[in-house]
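# Coordinates in review
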Amino acid sequence: MNTALEDHPIHSWLTDMDGVLVHEQAALPGAADFIAELQRLARPFLVLTNNSIFTPRDLRARLSRSGIDIPEESIWTSALATARFLAEQAPGSSAYVIGEAGLTSAMHEEGFILADADVEFVVLGETRTYSFESIARAIRLIKRGAKFIATNPDVTGPSAEGPLPATGAVAAMVTAATRISPYYIGKPNPLMMRTALNRLGAHSETSVMIGDRMDTDVKSGLEAGMRSVLVLSGSTREDEITKYPFRPTSVLSGIADVVPLVERLTPLSSQELDED
């Protein structure tokens, strides 16, 4: 399945984080080598995550502890994508935000006023401390006309003790009470991919998305017009691929198998000039 992947050079790389580069805060084989190869060949890249809890600085530190060196500006979260989208839609407006530093700091940096009354948006992200009071306030604000936004649709998140309720599960509770569904920004919405491509100044036709999930990574890459690589080191097993009505461009065992492709698929200087 690598033939189609190699039909055209790859200028830019997008990759998921959990299940591709790390698993439970431990680097997966080949992850550090993959990032080092991208940097050696000066390939534009972003590491994407639906997790809205942490800032890029937090995530950089966590990745660094696992042995993967990634600059802050190369990390793109659903919180950043959400704040960027809302700034384009309604710059300088107000929002009631349920989330942690990754989301609140992103909203502040885009010029939003964070308030708990008379807001234009209710923005729901992930937090380890969802409170009944904050959820009730969100419901009331949405009932009064605030537009409902959620960073990502994931219904559970990982923890050492097992799955925890995440943004999608809490959003379902709010939807049940308001009869209003949120607009989700993170994967599988291709908007997450398009904002990432815009950040890189990249084109979908010459970019690739690497992920471990068919229902988010591969789907959003496909819908954004990119080639995709599914690695089998995370959520989706090989025997589950045929359950979906779409296919990744390539299926590989893990990120270590992608490392030699970076140089092989790097365009010649003349090709990059033609693209520019």
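Residues numbered from 1 in each chain as written. Predicted model: local features only at pLDDT ≥ 70, side-chain atom pairs only at ≥ 80, totals over all residues. Heavy atoms only, no water.

### Comments concerning the nonpolar core
For clarity, the cut-off: Buried Ala, Val, Leu, Ile, Met, Phe, Trp, Tyr and Cys residues form a nonpolar core when they are joined through side-chain atoms within 4.5 Å. Exposure classes here rest on a 1.4 Å probe applied to the protein chains alone. A residue is buried below 20% of its type maximum, exposed above 50%, and partly exposed in between. Strands here are runs of E lasting at least two residues and helices are runs of H or I lasting at least four, both read from the DSSP assignment and numbered beginning at the N terminus. Note on contacts: a residue pair qualifies if any of its non-hydrogen atoms lie within 4.5 Å across the two residues.
Counting residues in each nonpolar core, the largest one holds 32 residues, and the members touching the most others are W13, L21, F34, I70 and I210. Going through the elements one at a time, α1 (31-40), β4 (45-49), α2 (56-65), β13 (207-211), β14 (227-231) and α9 (259-264) are the ones with two or more residues in this core. Among the elements that take part in this core, α1 stands out by supplying four residues, more than any other. Apart from the residues lying within four places of it in its own chain, the contact partners of I210 are W13, L14, T15, D16, V20, F34, V229, V231, I255 and V258.

### Here's the deal with helix α7 (residues 190-200)
An α-helix turns once per 3.6 residues; consequently, residues spaced three or four apart project the same way. To keep things clear, this is the line we draw: N or O atoms closer than or at 3.5 Å make up a polar contact, with two conditions inside protein: a donor-capable atom paired with an acceptor-capable one, and, for residues adjacent in sequence, both atoms drawn from side chains.
Residues of α7 that are buried include every one of P190, L191, M192, M193, T195, A196 and L197, and no others. The N-cap of α7, judged by a side-chain oxygen 2.9 Å from the amide nitrogen of L191 a few residues on, is N189.

### Comments concerning the sheet that holds β13
What counts here: Here, any two strands with at least 2 DSSP bridges between them count as paired. For every element, the axis is a line fit to its C-alpha atoms; helices are fit only across the contacting stretch, and the angle between N-to-C directions ranges from 0 to 180 degrees.
Taken together, the six strands give an open sheet; going across it, the order is β5-β4-β1-β13-β14-β15, and neighbouring strands pair in parallel fashion. The open sheet terminates on both sides in strands that have one partner only, identified here as β5 (75-77) and β15 (250-252). For this sheet, the mean angle separating the axes of adjacent strands, direction not counted, is 25 degrees. Where β13 and β14 come together, four bridges link them in parallel fashion. Bridge pairing links G211 to L230 in β14. Here helix α3 (residues 78-89) sits on the sheet and contacts β4 and β5; the angle it forms with β5, its principal contact strand, is near 70 degrees.

### A word on α3
Keep this limit in mind: The span you would expect from a helix comes to 1.5 Å times its residue count less one.
Its twelve residues give α3 an end-to-end C-alpha distance of 16 Å, which sits within 8% of 16 Å, the value for a rise of 1.5 Å per residue. In terms of residue burial, α3 counts as a mostly covered element, since nine of its twelve residues are buried. Of the positions making up α3, those classed as buried are S78, A79, L80, A81, T82, A83, F85, L86 and A87.

### Observations regarding the sheet that holds strand β12 (residues 183-184)
The strands making up a sheet are joined through hydrogen bonds of the backbone, oriented either antiparallel or parallel. One open sheet accounts for five strands, arranged β7-β6-β8-β9-β12; its pairing is parallel. Two strands close off the open sheet at either side, each with one partner strand: β7 (113-114) and β12. Of the strand pairs in this sheet, strand β8 (residues 121-124) and strand β9 (residues 147-150) are connected by four bridges, and their pairing is parallel. What sits directly across from L124, in β9, is A150. Sitting on the sheet, helix α6 (residues 167-178) is in contact with β8, β9 and β12, with an inclination near 160 degrees to β9.

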